[in-house]
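# Chains, contacts and geometry: an overview
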Amino acid sequence: MDNLPIVVGVDGSESSMRAVDWVVDEATLRGAPLRLVYASLWERYEGRSLAEDLHKPLEQVTAEDIVRTAGQRARLRRPELEISTDVLPEEPEYALVREGRQAAALVLGTRGRSGLAEMLLGSVSLTVAAHANCPVIVLRGSHDDKVRAGKRGRVVVGVGEKSWDSAALRFAVQEAKLRRASLDAVRAWRCPAHESTDHPLPASEPARLHEAHATEILDKVLENAPADVDLSRRAVEGPVRRVLLDASHDADLLVVGARRSREHLGLQLGRVAHAVLHHSACAVAVVPERT
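Basis of the calculations
Residues numbered from 1 in each chain as written. Predicted model: local features only at pLDDT ≥ 70, side-chain atom pairs only at ≥ 80, totals over all residues. Heavy atoms only, no water. Helix = DSSP H or I, 4+ residues; strand = E, 2+ residues; numbered from the N terminus. Buried < 20%, exposed > 50% of the residue type's maximum accessible area, 1.4 Å probe, protein only. Contact = heavy atoms within 4.5 Å. Salt bridge = Lys/Arg side-chain N within 4 Å of Asp/Glu carboxyl O. Polar contact = N/O pair within 3.5 Å; in protein donor to acceptor, adjacent residues only side chain to side chain. pLDDT = per-residue confidence, 0-100. Core = buried A, V, L, I, M, F, W, Y, C linked by side-chain atoms within 4.5 Å.

### Quick notes on the environment of Ala185
Mapped onto the elements, Ala185 comes out in strand β7 (residues 182–189). On the accessibility criterion, Ala185 (0% relative accessible area) is buried. A sequence separation of 46 residues divides Ala185 from Leu231, and the C-alpha atoms of the two residues are 7.3 Å apart. The residues touching Ala185, leaving out its near neighbours within four places in the chain, are Val157, Val159, Leu218, Leu222, Leu231, Ser232, Arg233 and Arg234.

### So, the pattern of salt bridges
Across all of its chains, the model carries 16 salt bridges by this definition. Measuring nitrogen to oxygen at the nearest pair gives 3.2 Å for the salt bridge that ties Arg30 to Glu26. Here Arg30 and its partner Glu26 are both found in helix α1 (residues 14–30), four residues apart, which amounts to about one turn of the helix. The exposure classification of Arg30 matches that of Glu26, with both residues buried. Of the charged contacts in the structure, one is a salt bridge between Glu99 and Arg35, with a shortest N-O distance of 2.6 Å.

### Here's the deal with the side chain of Ser280
Within the secondary structure layout, Ser280 lies in the loop between α9 (271–279) and β10 (283–290). Polar side-chain contacts of Ser280 include one of 2.9 Å to the backbone oxygen of Cys282. Here Ser280 is in contact with Arg140, Leu245, Ser248, Leu254 and Ala275, once residues within four sequence places are set aside.

### A word on the confidence of the model for the protein
Low-pLDDT stretches of the model should not have their predicted coordinates read in fine detail. Of the residues in the protein, 75% have a pLDDT of 70 or more, and the chain-wide mean is 81. Highest mean pLDDT in the protein belongs to strand β6 (residues 154–158) (96); lowest belongs to helix α2 (residues 49–54) (60). Contacts for the low-pLDDT stretch residues 112–121, under 50 throughout, to residues beyond four places or in other chains number 14 contacts. The low-confidence segment residues 142–147 (pLDDT under 50) makes 18 contacts with residues lying over four places distant or belonging to another chain.

### Some remarks on the environment of Ala285
Mapped onto the elements of the fold, Ala285 is located in strand β10. Among the residues examined, Ala285 registers a relative accessible area of 0% and is labelled buried. As a C-alpha pair, Ala285 and Val157 span 128 residues in sequence and 9.4 Å in three-dimensional space. Each residue touching Ala285, except ones within four places of it in the same chain, is listed here: Val136, Ile137, Phe171, Leu253, Leu254, Val255 and Val256.

### A word on the environment of Val87
In this structure, Val87 sits in strand β3 (residues 83–88). Given a relative accessible area of 25%, Val87 falls into the partly exposed group. Taking the C-alpha atoms as reference, Val87 lies 5.8 Å from Val37; in sequence the two are 50 residues apart. In this structure, Val87 is in contact with Tyr38, Ala63, Glu64 and Val67, ignoring residues within four places of it in sequence.

### Description of the nonpolar core
Within the largest apolar cluster, 48 residues are counted, with the highest numbers of intra-cluster contacts made by Leu34, Ile137 and Val255. When neighbours within four sequence positions are excluded, Leu34 is seen to be in contact with Ile6, Val8, Val23, Val24, Ala27, Ala74, Leu81, Glu82, Ile83 and Ser84. In this structure, Ala129, Cys134, Val156 and Leu277 belong to the second largest nonpolar core, which totals 37 residues.

Structure, rendered in structure tokens:
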């Protein structure tokens, strides 16, 4: 494996500190160094949990306190891991996208509760996922703001019509191997409404043909899959977003691709990636696919 670090953005919130726990284990599995960064133009810290841990008033918690505490937490969990920390006095979106140019992956946490803080953090996550040159893993929180370690032993990947050279598929295979997890390759299909009525074929025939076509795509895309991966493949009827969100309920990680065009400067995040980042029941990895 290369020696590029896994980078995690920390902001002192409980969700970002739990993301540190998750990424420490991920970096250990990969044999990669870990880099913890705090990026913000604002010096004032607005959380409460970290201030209580440090026995300081909110207004006295600094960026250095945040990264130092995150680093200590990581070292306690895995003393043997190579860990570095940094404070970047700039907008987090720009700082993290730049960090991703020299990273194996970027990891961000999200809060499970509503409110302005979640909206702002969600904006950062979406912007970074839409522009980063490396995989971006967003850890979905639950209603109690906790990110839980993967226990299901299952990675899900959404399959498009690309060949085995798909970056998302390669990433999903790597993650399944590292975690010793099964890999569930899912292809969604739908029968257009105009084909289900006023058609000379029996009512069930159009659906059967679309399902068969989806299965053929799965077989073609996965024909060169490594033999040492516990791989299952499923063609599921329904909108892609709903199919993948349903699959996320029994998974530790959901992997989706995001097309990147060098000629396009705006947000490059499709509707499927956008939806799963907002609603997935497990961690989501958005992997850039160059076009």
